[in-house]
Amino acid sequence: MPPIDAGRLSGAPALKAFLSTRAGVAVGRAAILIALLGIWELASGTLTSKFWVSSPSAISGMLLKWTNDGSLWVHLRATLSAMMAGYVIGAAGGIVMGLVLGFLPQLQRVLAPYISALYALPKIALAPLFVIVLGIGIESKIALVAITVFFLALYNTLDGVRDVDRDLVRALGLMGATRTEIVRKALIPGTLPWIFTGLRIAVRYALTAAILGELIASNQGIGYLIEFSAGQYNSTGVFAAVSVLVVCSVILTEILRRTEAFTQRWRL
Amino acid sequence: MQRNSFAAAAGAPADGVAGEAVAATQRKIVLEGVTKSFAGRGRVVEALQPLDLTVATEEFVALVGPSGCGKSTALNLIAGLISPSQGRVLYDGAPATGTNYRVGYITQKDTLLPWRTVAANIGVPLELRCRATARSERNDRVAQMIELVGLKGFEQHYPAELSGGMRKRVALARTLIYEPETLLMDEPFGALDAQLKLLMQDELQRLTQLRRMTVVFVTHDLGEAIALADRVVVFSARPGRIRVVRHIPMARPRDVFRARFSESFGKLHE
């Protein structure tokens, strides 16, 4: 038996080397996807009923149909616009509020329990409320997304401001920086990593909130598609809509991740 | 702060401790009967017991002592970052109120802005409104400073990419670039190799002489203190006490490279 290398697991060194390359990773991921889809396709109809599980071929067929008759874009646009609008409003509000509360700790302490209580409210409870107040149009969806993103952005920004090294602030003060200069040169750049983290996390929750709003009351959007298909016991439709969601979420998160990586080069 | 104390120099045999001998107008920094206690978790930690220290204008004073005897606390008091529990801190005759931005403070822990490159970090003091400088002049001076501390080629690196010694050098450059009238230095050359240390010591004493800076320099290294300072204040091990204060009569400008070999150095070191 060859001796075990203490630092590494033995076995298939060529495979490991391959997987360390970018091409290797891509191939590995594709392989998993193909394997899963393959198993799914083979199992449906044979191991399980097509009715409940559908199959990749049927799902792609459905997606194709939706693309061709234009309904995919209509619904996708509805969901994405609700999500984007809510995201921007919520993020802006949350970041600003987070910075303000970060710079005014006394105010933060006074407001903390109220913010915490609002944050603890489950969105499922808020959704019908927004529908009653704002109607079943896009406004209630935007509100739901906005409030979800708001709290995430707020808390992460707040943590970020607190996390800025106080010695940096003191050092700048000793050099003669005014309070504004300290904010601009130390507090804001120092908080940015946390803000980005908050924004990245918020993407998935924003999408979820948009879908939730559509499930409760809507006539458009991916959530509507899910609800509509489910109501007709059309599992293919449900899966198709969900897969669209997954792709959206991945793309948006990836965009944010790359932006973050670029601006945060200094973190190594 | 660690638990520590200095006792007053009352009865210390030193020469040059007597602040009264220095003309009032010449006293840059005065600590009178200064104590500092930190309260926390129901306990009171006394970091400094009554301390009297006077630094004359353009004087180079070295504080030498083991770790944790309150040297950093003393520097923080002079910088105005904290105020004494008892006693007074005077700067230019006036009581210190809040952060004193006429001192440049090089702390033990480097406070570089991690999101800025080396060049951008060094340029920070010149960006501030209180001494706004034109960009071209700023770039020139930054380049000079980088050359001075031996970091040529690293202008675009981020602090996370540098070694501890290199970061210290950036911090030094950042403080020296705006030539504050007083310099407080907390073991600035500790992390440097011997050769660079000598070079930096030489540059420091040249620059401080040229710009007529008042310097309070904290170090472990007695040899370094003697080579650089006009007056050395030595603290004994915990509980720290001013053990001796000596004038260094060696002529200025000092040649730090040769200083260790001179006769007086040996005698002073004893």
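All figures in this text were calculated on a predicted structure; none of them were measured in a lab.

Caption draft 1: Just helix α2 (residues 22-43) of chain A, in detail. Between the first and last C-alpha of α2 of chain A there are 32 Å, a value that for 22 residues agrees with the 32 Å anticipated at 1.5 Å per step. Among the 22 residues that make up α2 of chain A, 0 are buried, leaving the element largely open to the surroundings.

Caption draft 2: Representation of the interface of chain B and chain A in the model. On the side of chain A, 17 residues touch chain B, which itself brings 20 residues to the contact. Among the secondary structure elements, those contributing two or more residues to the side of chain B that touches chain A are β6 (103-106) and α2 (118-127) of chain B. Split into classes, the residues belonging to the side of chain B that touches chain A amount to 14 nonpolar, 2 polar and 4 charged.

Caption draft 3: Summary view of helix α9 (residues 166-175) of chain A. Among all positions in α9 of chain A, only Ala171, Leu172, Gly173, Leu174 and Met175 of chain A are buried. Buried positions along α9 of chain A lie against α10 (179-216) of chain A together with α1 (71-79), β6 and α2 of chain B. Just downstream of α9 of chain A lies glycine 176 of chain A, where phi reads positive at about 105°.

Caption draft 4: Quick peek at unusual backbone geometry. Residues and elements named next belong to chain B. Phi angles above zero are rare outside glycine, and glutamate 179 is one such case at about 40°. Tracing the backbone through its elements, the reader meets glutamate 179 in the loop between α4 (164-176) and β7 (182-186). Since 15 C-beta atoms lie within 10 Å of it, glutamate 179 is described here as partly exposed. Non-glycine residue arginine 212 carries a positive phi angle of around 50°.

Caption draft 5: Local environment of the packing of α10 of chain A against helix α11 (residues 222-231) of chain A. Residue and element names in this part refer to chain A. At a minimum axis distance of 7 Å, the contact between α10 and α11 shows a crossing angle of 45°. By the angle class used here, α10 and α11 are oblique. Between α10 and α11 lies a crossing of right-handed hand. Two secondary-structure elements touch here, α10 through Ala210, Ile211, Leu212, Gly213, Glu214 and Leu215 and α11 through Ile222, Gly223, Tyr224, Ile226 and Glu227. Its residues assigned to classes, the contact of α10 with α11 comprises 7 nonpolar, 2 polar and 2 charged.

Calculation notes
Residues numbered from 1 in each chain as written. Chains lettered and ligands numbered in written order. Predicted model: local features only at pLDDT ≥ 70, side-chain atom pairs only at ≥ 80, totals over all residues. Helix = DSSP H or I, 4+ residues; strand = E, 2+ residues; numbered from the N terminus. Expected span 1.5 Å × (residues − 1). Buried ≥ 20, exposed ≤ 12 C-beta atoms within 10 Å, placed from the backbone. Contact = placed C-beta atoms within 7 Å. Nonpolar A, V, L, I, M, F, W, Y, C, P; charged D, E, K, R; others polar. Axes fitted to C-alpha atoms, helices over the stretch in contact; angles between N-to-C directions. Parallel < 35°, antiparallel > 145°, perpendicular 65-115°, else oblique. Left-handed = near helix turned anticlockwise from the far one by under 90°.

Without other data, these values stay purely geometric and don't point to any function.
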